[in-house]
Amino acid sequence: MLLRSMPLRSDEEKLVLLLLAMKIDGIKDEERKLFNEVAKDYGIDDTKEIKAKAKELLSLDEPINEVFEEYAKEVIQVGKYYAQDNAKFLWTLINMGFIDKDYSDNERKLVD
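## Re the overall build of the chain
Inference 1: Of the regular secondary structure elements, the chain holds six helices and zero strands.
Inference 2: When burial is assessed residue by residue, the chain has 40% of its 112 residues classed as buried.
Inference 3: Sequence-distant contacts, at least 24 apart, represent 76% of the contacts inside the chain between residues at least 6 apart.
Inference 4: Of the accessible surface of the chain, which amounts to about 6800 Å², a share of 50% is contributed by carbon and sulfur atoms.

Written out as structure tokens, the structure is:
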């Protein structure tokens, strides 16, 4: 299943993955705040395209964890992510899961 229909920069793709992860158990205020901070760290002020891509992916008739996994595989396979970027992103993903003090089984599965 090809999910990369909209061309995005690698930082934007990371933010799409974060949004998908946030949606897994509902977006909390703490997660929204961290998402905005991460976007600013990536130099992205306008997240409309990122949110549109996440919405497009969520409209697929697939479980969100499968969409997340497939999109992550497609993004990583194109060679845009390197070891240091992967490690930093994974750490951000873990922090996103813990930020609301409720690291759910669904969030844990995304990281695994």
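## Some remarks on the nonpolar core
Inference 1: Ranked by size, the top nonpolar core spans 25 residues in total, and within it Leu-15, Val-16, Leu-18, Phe-35 and Ile-50 carry the most contacts.
Inference 2: Within the residue set of this core, elements represented by two or more residues are helix 1 (10-23), helix 2 (29-41), helix 3 (48-58), helix 4 (64-77) and helix 5 (83-98).
Inference 3: Looking at this core, the element that brings in the most residues is helix 1, giving eight residues.
Inference 4: Each residue touching Ile-50, except ones within four places of it in the same chain, is listed here: Glu-12, Leu-15, Val-16, Leu-19, Phe-35 and Ile-44.

How each quantity is defined
Residues numbered from 1 in each chain as written. Predicted model: local features only at pLDDT ≥ 70, side-chain atom pairs only at ≥ 80, totals over all residues. Heavy atoms only, no water. Helix = DSSP H or I, 4+ residues; strand = E, 2+ residues; numbered from the N terminus. Buried < 20%, exposed > 50% of the residue type's maximum accessible area, 1.4 Å probe, protein only. Contact = heavy atoms within 4.5 Å. Areas by Shrake-Rupley, 256 points an atom, 1.4 Å probe, with all protein chains shown as cover. Core = buried A, V, L, I, M, F, W, Y, C linked by side-chain atoms within 4.5 Å.

Honestly, it's all geometry; don't read function into it.
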